[in-house]
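# Inside the fold
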Amino acid sequence: MPLHVPPAPAPALRSVLAALGSPAAVAAGTPALRAVQGPLTPELPLPVHVLDRLGMSQPAAPARPPRTRLTGWRFLIRSGDRHIAAADTRLTADGWVFSHFFEGPYVAATERALRQAEALGKNYQPRLLSVPELYMLTLWLHGAVGADASAGLPAAADLLVPLAPAPPGIAPYRPHPVSELLPVMTHRLTPPAPPMRPPLAAPAA
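What you are looking at is a predicted structure, and each value in this text was computed from that prediction instead of being measured. (Residues numbered from 1 in each chain as written. Predicted model: local features only at pLDDT ≥ 70, side-chain atom pairs only at ≥ 80, totals over all residues. Heavy atoms only, no water.)

## Here we look at the nonpolar core
Residues L33 and I77 are the most contacted members of the largest nonpolar core, which totals 17 residues. Of all elements in the fold, only α1 (10–20), β2 (68–79), β3 (82–92) and β4 (95–102) reach the threshold of two or more residues within this core. Ranked by the residues each element gives to this core, the list is headed by α1, at 4 residues. Filtering out sequence-adjacent residues up to four positions away, L33 remains in contact with V26, L40, I77, I84, A85 and F101. Of all hydrophobic cores here, the second largest spans 16 residues; its members include V48, L139, V161 and Y173. (Core = buried A, V, L, I, M, F, W, Y, C linked by side-chain atoms within 4.5 Å. Buried < 20%, exposed > 50% of the residue type's maximum accessible area, 1.4 Å probe, protein only. Helix = DSSP H or I, 4+ residues; strand = E, 2+ residues; numbered from the N terminus. Contact = heavy atoms within 4.5 Å.)

Here it is, written out as structure tokens:
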């Protein structure tokens, strides 16, 4: 398979399995989870990275990626032949712990983007890259398939696939090289220059 899904930290997976095995946690989860009678399986673990301060970073060199940080691992939850929800984990002082279940458009969007990425026929390590300033989530296809999934910056040749719903003017599911999409996102957050005021006329003598 062209996609090399990185292994999640074992404590993160255990915390999700424990939550799925807890009737109270499932009952407090999503309607889709509460309606399921059969087994639930966490699959396709993806590290979730956040792109920080996009609009204020590297103003002199917008093609250089700003800093990213790992905020969690996300698992798609399978019931039967489809994914019905997702589970997020987060890192605490005591290690990886279950955060919450959720459902909604990003679950189906992630699954669709992963299928499309497989069809590209190239080797990638899939990650998720969140851009909070644009309310945007992308599938990050990292070319270094053997890299530590918890670290690293988007390389210029890596691909970013915006998930639906995407910001206006950015087409979802279309793969963009980082070198092309990052300047577009940066431009959206760059405040327009203030209008030039005409010089004040010199006072009459």
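## Some details on helix α5 (residues 178–189)
When the terminal C-alpha atoms of α5 are compared, their 16 Å separation across 12 residues agrees well with the 16 Å that a helix rising 1.5 Å per residue should span. By the burial criterion, the buried members of α5 are V178, L181, L182, M185 and T186. Projected onto a plane normal to the axis of α5, the buried residues spread over an arc of 135 degrees and lie on a single side. (Expected span 1.5 Å × (residues − 1). Arc of directions from axis to C-beta.)

## Observations regarding the sheet that holds strand β7 (residues 159–162)
Taken in spatial order, the 8 strands line up as β4-β3-β2-β1-β5-β6-β7-β8 in an open sheet, and their pairing is mixed. Each edge of the open sheet is held by one strand with a lone partner, namely β4 and β8 (176–177). As paired strands, β7 and β8 are joined by 2 bridges and run antiparallel to one another. Following the sheet pairing, L160 is matched in β8 by H176. (Pairing = 2+ DSSP bridges.)

## A short note on the pairing of β4
Relative to β4, β3 is paired through 7 bridges, and the arrangement is antiparallel. Looking at β4, one finds that T89 is bridged to F98. Between β3 and β4, which pair antiparallel and follow one another directly, the connecting turn spans 2 residues.

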